[in-house]
Amino acid sequence: MSADATTGGPAAAPPANGFVARAWQSIQMPLIATLAGLLLTTVLILSIGKSPLDVYAALLRGALGSVFGISSTLRWATPLILAGVAVTIGFKAGLFNAGLSGQIYLGGLVGSLLGFTIDLPAGLHPAVAILGGGVAGGFWALIPALLRRYLGASEIVTSLMLWYVAIGISDFLVRQFFRDPTSAAFLMSVKVAPDAVLPSFFPVGNVSVMLFVSIAVAIVAHYLMQRSRLGYEVRLTGANPLYAFYSGLPTGRRLILAFCVSGFLAGMIGAAESIGINQRFVSQFDPGFGFDGFLVALLAGGNIAGCIPAGIFLAILKAGGTEIERTLGVSKSIIWILQGSIILVVSAYRLRDQINALFKRRTGP
Amino acid sequence: MDILTLSLFSSTLVVATPLILAAMGGMFSHQVGVFNFTLEGVMLFGSFFSVAFTILTGNIWLGILLAGLACIVLSAMWSWVVVDMGADPIISALGFMLLAQGGTIFLLNAMLGQTGGAFSPLQLDFIRLPFIDGLPVLGPLLSGHTILTYLSWLTLPLFVFILYGTPFGLALRAVGEKPEAAAAAGINVRLMRYCAIAITAFCCALAGAQLSLGLLGMYTDNMTAGRGIIAFAAVVFGRHRPLQVFLVALFFGFAAALTDRLQGFGLPSELLNTLPYLLPVIVLALSGWRLLSRRNGMQAPPPL
Amino acid sequence: MPQPTIELIGVTKRFGSFVANDAIDLTIQPGEIHAIVGENGAGKSTLMKTLAGLHVPEEGRVLLHGEPVELKNPEIAMARGIAMVHQHFSLIDAMSVAENVVLSNPPRRFGLLQRRKAEEIVAELSKTYGLAVQPRQRVADCRVGVQQRVEILKALYRNPEVLILDEPTAVLTPQETLALIDNLRSLKSLGKTVIFITHKLKEVMAVADRVTVMRAGKIVLSVDIADTSPNQLAAAMVGRTLVVESRAEPVTPGRELARLEGVVCTPEGGGIGLDRVSFTLRQGEVVGIAGVEGNGQSELIEVITGMRVPHAGRILLKGQDVTATASPKAMRAAGVGHIPEDRISTGLAPTASLLDNLITGAHARPPIRRGMWIDRAAARTHATRLVQAFDVRPGNIDADARSLSGGNMQKAIIARELDSDPQIIVAAHPTRGVDIGAAEFVYAQLLGRRDRAGVILVSSDLDEILRLSDRILVMYRGAIVAEAAPEALTAEQLGLLMAGITPDAPSTTGEAA
């Protein structure tokens, strides 16, 4: 057993036995990365003359210190958990769904379209809209998936490019056909039918049943990936596509399946945002769920169920971020800096080994 | 419809400049075997810093130079994570992009006290080439561009020379082709990778400078709008062949210029705006098709 | 007695608890050709890598010309005049011969690369040492024998005093080997000291001045060639008197299992492919495919296992024409099992658990498959059974597959492949990089299946082929150039055939580049 020094790549982690050891191993890197990120943001906060403690206190206060805060956190957790699951499913098949945001956008369009063009009873309407959004997202993911499967085109670039295309198409359609005439400043569609609105059950803010859907999707997806035959084949395709193919697995079909499921979940996010939070299609409604999804997936360490705590963690950051801006005048962009540096650090595999080595040297053999 | 006018080709050269600079720079990273997806993030930093430092120093050349250095330093963070710490280049590049988006907003506020954007007091001059300016067709086409545009043309012969005519270039190519062989020959693989990424960063900084200082005279949040990703697509398609990367980047610039031109004809702007992004998708699909026809019977799903 | 060029005193190298070199005392005299022999795993490469600066020994000293030195890295060793040519080439395929040779220190003027000067230098070196190469040729277009000369020239460019060669004849035909032996003699006459590692005693007797035998990390014998014999060396290598390997009992061939008729392939980027290959595999027989690597064996395996669709010809499995529907899935369904050449890239998913790796294929059938689910208990039972039956160590099925040693990976792969009871077993270099015990196990398994299956064995290990095969087919440049029973062939004749020379034609001495 040896670490490959010249070509890089993670050396096999020492086998961990026991639940606690395994849990520690999976949380190690995200924890270190978060601390490193916090270090950077602390330095930056100090550089602009504010107190880091005030900032972090505001963060926690904004996220958890009030009913509104908790509602905010849960509101953000809903799409973030799903986004993390969507990205992770792609990862399992060895694919990067970098264009998640495009699928979200189209899902938002179709979801709101279904919201104001058709007529259905109150229980059914939101469900249909969300599923319809999912289908749109799945379809939008099908394009890069097919290009990757049959032509070897990088799904990272194609899905990312299609993000801009999705924005173009959606904005155009809304501007041409579905524009809300009363709004001159923003580009948004007419409101969806009242029956289509996803109602909030929280006393304050906007937390809908979608939260439970997200959590349920995470659990079900995790279970399917681990225990079902399809899940096994997807995982093996991601682990070593050549080996999977040689073993007779239909790798092409599994790649497409995983990517489309990822897109489907993304579409659901967009639809839920549109009929739940905004109650219409709003241009640029997506505040960066694509990136956030990646961060959640990274923090979850490739574990689908782990997207639940990871999503909640990121939701805390987001909810707290608005509070920071509101009360302290520190730009929300500092949260993005935090997110970016966490991603940078958590992706550095060898850092884990080096830190472990550091600990071993300290505590002796 | 007279679309194919001289001014279209002239504006192609202008629009393509940041794409060419970033793509040719990105080619260096490709040469050493690094999958450098940070072009977008670095370009954004470059467009910001060139305006910021111009404002702070009052000198446009110093501004651009400092921007280049700042981008090299920031990119070195990514280099360390990928080269020394074995990070996945794509994930870490996405992290870098986030860092760039957040960092530029933050620094705009912290360094200049502004939000949303900043105006630059100075702008790059449009240079009139002495002899060519008077010529009938070539004049309006080739003369009157910023120095960065002329620099972008220079990258082709310069980079070809560096890569194939110098020992440095030989070492770079060796590292990209087979790092073990390069290491066995005494080449410092790690240093070469850092160098190549630094060159990429400097070129992307220049690309960003062209956007802010060359075209608009200002910086606005997220002004790169995916240009770095398009430049990256040019590198993916052209691989390590300088001429090919150059031409693809130029072609993408043409598409963007065409889009701008078509807007004047009343076609919906949102749809037109998707063209520069659709093009790389088509190009990648075609390049995959070409590779496919050469595969001669192998069955497995085509690798990247 | 002149001062020895190199002295190793008490050199010990450990990898964890494994002792690769155990208190080695060795002397190399100036200007001699010194052979280091031993079986796989005896520690020869490790010892030489220590000299070349790739390993730092835990104990012991190294003296060069009587002076103690610390060879901490290859650069320092090179500066001290020690260069090593490794078994696996590190050449850059896309670059020319000249560029590869001068890479470490390209001739330059005012920062400009002087390509023509480099080519001149290489031509000079080539003439001086008798290593024929074409400086402008792309390495990718060079044959293996030529590539090796480029590697040697690369080392000679640094003007070393001592040249170490690790298994230089492993990939050469007997004719190329003769050419290399001539080269070694001219190196000696030009004042170089040569050390070469090998397990082929004939070469040792032909060219070495002194020979050192290693076994299990220790030196067991170090003598002048004049004072020893191949038998003494072989006995020292193995540690027991040699027992003539008995060949496996042949089984009467049964029904036809696989047949290729006129199969033609042209792989991407040119290259050899398959040139109207036809042969038959019957139940109960082991067909050995001999040939120097790169003569179409890989393509042949790809065609039989469904990875590659032929341009022309037919493939029949158990009487059915499967040419049109060939795919790995179809071939497996038809009863093809595959022990691949490259464990890590096509035999396993290294990052997945051993359990996941062992149930591939079986996962789609009951009892492991239960509708759309995978029965975890059944899967674990299955994997545990395989691990025990095939003695895969360590037996932790939840560990990542990559944590296993090469030999155990191979056993796991074989366990999985054979468990589905394939009738057509394709084994490609099945014992490469595998220790003796595991290799014997592999042979036993393959031979033991003959009552219900046929085996196609592809290997560049001639002894392996001679020992296991009922029939031997020789491949050269994509075509089957000969077919014979092993009793009718010697290694010499095989080597000739592998080099495309039919035994009746007059033999050529040396080779054109």
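As the structure is a computational prediction, the values presented were derived from the model and not from experiment. (Residues numbered from 1 in each chain as written. Chains lettered and ligands numbered in written order. Predicted model: local features only at pLDDT ≥ 70, side-chain atom pairs only at ≥ 80, totals over all residues.)

## Things to note about the overall build of chain A
On a plain count of helices and strands, chain A comes out with 14 helices and zero strands. Taking 21 Å as the expected radius of gyration for a compact globule of 365 residues, we find that chain A reaches 21 Å, a close match to that expectation. The burial tally for chain A puts 57% of its 365 residues in the buried class. (Helix = DSSP H or I, 4+ residues; strand = E, 2+ residues; numbered from the N terminus. Rg over C-alpha atoms; globule rule 2.2 N^0.38 Å. Buried ≥ 20, exposed ≤ 12 C-beta atoms within 10 Å, placed from the backbone.)

## Examining the overall build of chain C
Helix and strand content of chain C: 17 helices and 24 strands. Here chain C has a C-alpha radius of gyration of 25 Å; the compact-globule value for 513 residues is 24 Å, and the two agree. The 513 residues of chain C split such that 47% are buried.

## Observations regarding the confidence of the model for chain A
Residues and elements named next belong to chain A. With 91% of its residues at a pLDDT of at least 70, chain A reaches an overall mean of 85. Of all the helices and strands in chain A, helix H14 (residues 349-363) carries the lowest mean pLDDT, 66, while helix H7 (residues 210-227) carries the highest, 95. Note on residues 1-12: pLDDT under 50 across the span, and 17 contacts to partners over four residues away in sequence or across chains. (pLDDT = per-residue confidence, 0-100. Contact = placed C-beta atoms within 7 Å.)

## Points about the interface of chain B and chain A
Each side of the interface is counted separately: chain B has 48 residues, and chain A has 51 residues. No other element matches helix H4 (residues 89-112) of chain B, which puts 15 residues into the side of chain B that touches chain A. Broken down by class, the residue content of the side of chain B that touches chain A amounts to 34 nonpolar, 11 polar and three charged. (Nonpolar A, V, L, I, M, F, W, Y, C, P; charged D, E, K, R; others polar.)

## Considering unusual backbone geometry
The omega torsion of the bond from C:Pro366 to C:Pro367 falls at 5°, within 30 degrees of zero and hence cis. Examined against the element boundaries, C:Pro367 turns out to sit in the loop between helix H12 (354-358) and strand S19 (369-370). In this structure, the amide linkage connecting C:Arg393 to the following residue, C:Pro394, adopts the cis form with an omega of -10°. Tracing the sequence through the fold places C:Pro394 in the loop between helix H13 (376-389) and helix H14 (406-419). Here the phi dihedral of A:Gln279 falls at roughly 60°; this positive angle occurs in a residue that is not glycine. One can find A:Gln279 in the loop between helix H10 (251-278) and helix H11 (289-299). Accessibility expressed as a C-beta count within 10 Å gives 21 for A:Gln279, which makes it buried. Positive phi, normally seen in glycine, also occurs at C:His429, with a value near 45°. You can see C:His429 is positioned in the loop between strand S21 (424-428) and helix H15 (436-448).

## Structural notes on the interface of chain C and chain B
Taken together, the contact between chain C and chain B spans 25 residues of the former and 19 residues of the latter. Of all the elements in the fold, those that place two or more residues in the side of chain C that touches chain B are helix H2 (74-79) and strand S8 (112-113) of chain C. Counted by class, the side of chain C that touches chain B contains 13 nonpolar, seven polar and five charged residues.

## Concerning the sheet that holds strand S22 (residues 454-459) of chain C
Residues and elements named next belong to chain C. Strand order in this open sheet of six strands is S18-S21-S22-S15-S23-S24, and the pairing throughout is mixed. Each end of this open sheet is capped by a strand with a single partner; those strands are strand S18 (336-339) and strand S24 (479-484). Each strand axis lies, on average, 20° off the axis of its neighbour in the sheet, ignoring direction. Across five bridges, the pairing between strand S23 (residues 471-476) and S24 is antiparallel. What sits directly across from Met-475, in S24, is Ile-480. (Pairing = 2+ DSSP bridges. Axes fitted to C-alpha atoms, helices over the stretch in contact; angles between N-to-C directions.)

## Here we look at the packing of H11(A) against helix H12 (residues 307-328) of chain A
All names here are of chain A. Closest axis-to-axis distance for the H11/H12 pair is 8 Å, and the angle between their directions is 130°. One way to sum up the angle between H11 and H12 is to call them oblique. Between H11 and H12 lies a crossing whose hand is right-handed. Together, Asp-292, Leu-295, Val-296, Ala-297 and Leu-299 of H11 and Cys-307, Ala-310, Gly-311, Phe-313 and Leu-314 of H12 make up the contact between the two elements. Classifying every residue of the contact of H11 with H12 by side-chain character gives eight nonpolar, one polar and one charged. (Parallel < 35°, antiparallel > 145°, perpendicular 65-115°, else oblique. Left-handed = near helix turned anticlockwise from the far one by under 90°.)

## Remarks on H4(B)
All names here are of chain B. Taking 1.5 Å per residue, 24 residues should reach 34 Å; H4 reaches 32 Å between its end C-alpha atoms and fits that length. With respect to burial, H4 is a largely interior element, 19 of its 24 residues being buried. Two residues or fewer after H4 comes Gly-113, characterised by a positive phi angle close to 65°. (Expected span 1.5 Å × (residues − 1).)

## Re helix H4 (residues 115-129) of chain C
Residue and element names in this part refer to chain C. With 15 residues, H4 ought to run about 21 Å at 1.5 Å a step, and its terminal C-alpha atoms sit 21 Å apart, in line with that. Buried within H4 are the following residues: Ala-118, Glu-119, Val-122, Leu-125 and Ser-126. One side of H4 carries all its buried residues, which in axial view fall inside an arc of 125°. The exposed set on the far side of H4, more than 90 degrees from its buried face, consists of Arg-116, Glu-124, Lys-127 and Thr-128. Phi for Gly-130, located one or two positions after H4, is positive at around 70°. (Arc of directions from axis to C-beta.)

## Comments concerning the pairing of strand S4 (residues 59-64) of chain C
All names here are of chain C. Relative to S4, strand S1 (residues 6-15) is paired through five bridges, and the arrangement is antiparallel. In the strand pairing of S4, Leu-8 is matched with Val-62. With three bridges connecting them, S4 and strand S5 (residues 67-69) associate as antiparallel partners. For Val-62, the partnering residue across the bridge sits in S5 and is Val-69.

## Quick word on the sheet that holds strand S10 (residues 193-198) of chain C
Residues and elements named next belong to chain C. The mixed open sheet is built from six strands, whose spatial order is S6-S9-S10-S3-S11-S12. What marks the edges here is a single partner per strand, and that holds for strand S6 (82-85) and strand S12 (218-224). Across the sheet, the mean angle separating the axes of adjacent strands is 15° when strand polarity is ignored.

## What to know about the nonpolar core
Side chains of a nonpolar character, in soluble globular proteins, are inclined to be buried together. Core analysis: the biggest nonpolar cluster contains 289 residues, and B:Ala23, B:Cys71, B:Ala234, B:Ala249 and C:Ile164 have the highest contact counts within it. With 16 residues, helix H9 (residues 189-216) of chain B is the largest single contributor of residues to this core. Residues in contact with B:Cys71, not counting those within four places in the same chain, are B:Val42, B:Phe45, B:Gly46, B:Phe49, B:Ala201, B:Phe202, B:Cys204 and B:Ala205. Within the second largest apolar cluster, 83 residues are counted, among which are A:Tyr243, C:Val303, C:Ala427 and C:Leu468. (Core = buried A, V, L, I, M, F, W, Y, C linked by C-beta atoms within 7 Å.)

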